[in-house]
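Close look at the chain arrangement
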Amino acid sequence: REPITITLWHVYGGEVNSPMNTLVDEFNRTVGQEQGIRVRVDSVSNSGVIHENVLAAAYKDPGAPALPDLFVSYPKTVLALPDENILADYHDYFTDEELDSYLPEFIEEGTVDDRLVILPLAKSTEILFVNKTAFDRFSAETGAALDELSTWEGLYAMAERYAEWSGGKSFFVHDYHFNYFQVGVESLGESFFDKDGIAFGPAFTRAWKPYARAALTSGLWLGSGYATEPLRTGDVIASVASSASVLYYSDVVTDENNRTEKVEIISLPCPIFEGGEKLVMQRGTGICTVKSTPEREKACMTFLKWLTEPKRNVDFATSLGYMPVTKEGFDRDLPAAIQTLTDPMYASLYEAFLKTRQEYTFYVPPQREDYLSLETRFEKTARLRLAAGRAQYQQQGAAALDTLLETTLEELRKSYDR
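In this convention, every chain numbers its residues from 1, walking through the sequence in written order. Selection of residues for local features in this predicted model requires a pLDDT of at least 70, selection of side-chain atom pairs for listing and counting requires 80 or more, and totals for whole chains, interfaces and linings are taken over all residues. With hydrogens and water excluded, all non-hydrogen atoms of the structure serve as input to the side-chain values.

This part takes up the overall build of the protein chain. The helix and strand labels rest on DSSP assignments: H or I over at least four residues marks a helix, E over at least two residues marks a strand, and numbering proceeds from the N terminus. When you go through the protein chain residue by residue, the secondary structure sums to 17 helices and 17 strands. Taken against the 2.2 N^0.38 rule, which gives 22 Å for 418 residues, the C-alpha radius of gyration of the protein chain at 23 Å falls within 12% of a compact globule. For the protein chain, the spread of C-alpha atoms along the principal axes amounts to about 80 × 50 × 40 Å. Buried means the residue's accessible area, taken with a 1.4 Å probe over protein chains only, is under 20% of the maximum for its type, while exposed means over 50%, and partly exposed covers the values in between. Buried residues in the protein chain amount to 55% of all 418 residues. Using a 1.4 Å probe, the Shrake-Rupley method yields the accessible areas, and only the shown protein chains count as cover for residues. Accessible surface computed for the protein chain: about 18,400 Å², of which carbon and sulfur atoms make up 48%. Taken over C-alpha atoms, the radius of gyration is set against a globule rule of 2.2 Å times the number of residues to the power 0.38.

Written out as structure tokens, the structure reads:
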């Protein structure tokens, strides 16, 4: 009989060099050929483009392509669909035992209105990356120790010392300031959100003070863009970013004068607040199946179950700097896979992953329709307020620091008054 062809839009690699495309080819040659299923990759893009194209297709915009059978997605895409019943519920195709094999936090994130519509495939979390070569120079003169970076209080205090030692250079950059506050406030037992947006409670103030001190005294990088860039140029020597950022780091730093230095980049678990819960952001897309016919949907499930088999999923995830999504993959196959990694940067990353899995709880952001707008606004507003405060600090000196800590926070709060 004619094979069933199912279409896929994904984000994993480029058109030419994609670990996902390699797996699709393997599936088509083996299980797909045996069972009359062919997977066709119709798009390799980024999550933003896929988000826009999925919504255009779902709303039947003029000129929009038809929806594929499978596409990668964040919850925000699902929440923006005109009808959630466009998507299959994985509870209809996976047994409870099969779903229990996945990490529960990942299943929770893919559940919308009690329907599991996003199947976890490869997840990332936030990791502390450190240019150990540059850190060792700083440590040799100041006695700074890596274990001081296990808490936010220690990290930001070190950022202040580094700025003073280096003549005003930044020590640290966070990829998402919004995540620092969101996870930090929740880890201190307080809700970051309220019904109107951001709560700005006592735990927020506690998180603000060391962060703002480091920003005002130049220890915290306030530039825009991804955290990978200032680490690659030597403008900072530590960053918290998505674990998948390892794809964009290099063991060579090139400064503004085009001078290069070979460095060692190591990974550590994300810092926490003293006395707070070990909570860390989970990131990364999952995969949705569009409702069609029972035969096509079953073909999609055959492919997805094959794709998330623990050993195969570990091999796929480690090729991209992601975490596997099954308990067995994490606990049995990942430690063995680490032993085969030849790149020291990747080996360090996955050691940090294992420690994170053992000691931390993954934080699942709430499914709020205003989540993206709150995040975008906060990132821009917080950086602008602190950049203005830094200019004042440089003019007025250390005596103005405590006042600026209060006024910058008050200005941020007021910008959210309705």
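Neither face of strand 3 (residues 70-73) is exposed, since Leu70 and Val72 on one face and Phe71 and Ser73 on the opposite face are all buried. Pairing between strands is defined by DSSP: at least two bridges between them are needed. Direction of pairing for strand 1 (residues 4-10) relative to strand 3: parallel, over a ladder of two bridges. The residue of strand 3 that forms the bridge with Trp9 is Phe71. With four bridges connecting them, strand 3 and strand 16 (residues 286-289) associate as antiparallel partners. The residue of strand 16 that forms the bridge with Phe71 is Cys288.

What follows covers the pattern of salt bridges. Any carboxyl oxygen of Asp or Glu within 4 Å of a side-chain nitrogen of Lys or Arg constitutes a salt bridge here. Here the structure, examined in full by the defined rule, presents 23 salt bridges. Residue Glu98 is joined to Lys305 by a salt bridge in which the shortest nitrogen-to-oxygen separation is 3.3 Å. Of the two residues, Glu98 sits in helix 5 (residues 96-100) while Lys305 sits in helix 12 (residues 294-307), which places them 207 residues apart along the sequence. Assessed through its relative accessible area of 29%, Glu98 is described here as partly exposed. Note that Lys278 is salt-bridged to Glu359, the shortest N-O span being 2.8 Å. Residue Lys278 is found in the loop between strand 14 (265-269) and strand 15 (279-283), and its partner Glu359 is found in helix 15 (residues 344-359); the two are separated by 81 residues along the sequence.

Spatial strand order, 2-1-3-16-6: five strands in an open sheet with mixed pairing. At either margin of the open sheet sits one strand with a lone partner, and together these are strand 2 (37-44) and strand 6 (119-120). Every residue pair with non-hydrogen atoms within 4.5 Å of one another is taken to be in contact. Angular values range over 0 to 180 degrees, each being the angle between N-to-C directions of two axes fitted as lines to C-alpha atoms, with helices fitted over their stretch in contact. In the packing of helix 3 (residues 47-58) onto the sheet, contacts are made with strand 1 and strand 3, and the angle to strand 1 comes to roughly 130°. In this fold helix 12 packs onto strand 1, strand 2, strand 3, strand 6 and strand 16, with an angle of close to 55° to the strand it touches most, strand 1.

Over its 14 residues, helix 12 runs 20 Å from end to end, which matches the ideal 20 Å to within 8%, given 1.5 Å per residue. Three or more residues of helix 12 are buried, namely Glu297, Ala299, Cys300, Met301, Thr302, Phe303, Leu304, Trp306 and Leu307. To estimate the expected span of a helix, count its residues, drop one, and scale the result by 1.5 Å.

For the rest of this paragraph, the subject is the packing of aromatic side chains. One pair of aromatic rings is described through two measures. These are the centre distance and the angle between the planes. Two aromatic rings, drawn from Phe, Tyr or Trp (for Trp, its six-membered ring), form a pair once their centres lie within 6.5 Å of each other, and the interplanar angle then sorts them: stacked below 30 degrees, edge-to-face above 60, tilted otherwise. A full pass over the atoms with the stated rule returns 41 aromatic pairs. When the centroid spacing of 6.3 Å and the interplanar angle of 20° are considered together, the rings of Phe303 and Trp306 count as stacked. Taken together, the positions of Phe303 and Trp306, both in helix 12 and three residues apart, correspond to about one turn of that helix. What makes Trp306 buried here is its relative accessible area of 10%. We call a charge positioned above a ring when the Lys NZ or Arg CZ atom is no farther than 6 Å from the ring centre and deviates by at most 35 degrees from the ring normal. Lying over the aromatic face of Phe94, Lys305 brings its terminal NZ or CZ to 4.8 Å of the ring centre. Cation over ring: Arg377 sits above Tyr416, and NZ or CZ is 4.2 Å from the ring centre.

This part is about helix 15. Compared with an ideal rise of 1.5 Å per residue, which puts 16 residues at 22 Å, helix 15 spans 23 Å between its outermost C-alpha atoms and is within 8% of the ideal. Considered for burial, the residues of helix 15 that qualify are Met345, Tyr346, Ala347, Ser348, Leu349, Tyr350, Ala352, Phe353, Leu354 and Thr356. Elements that come into contact with the buried residues of helix 15 comprise strand 7 (124-131), strand 14, strand 15, helix 13 (310-318), helix 14 (327-338) and strand 17 (361-363). Two to three positions downstream of the cap, the backbone nitrogen of Met345 sits 2.9 Å from a side-chain oxygen, assigning the N-cap of helix 15 to Asp343. In protein, a polar contact requires one atom able to donate a hydrogen and another able to accept it; more generally it is a pair of N or O atoms within 3.5 Å, and residues adjacent in sequence count only if both atoms are side-chain atoms.

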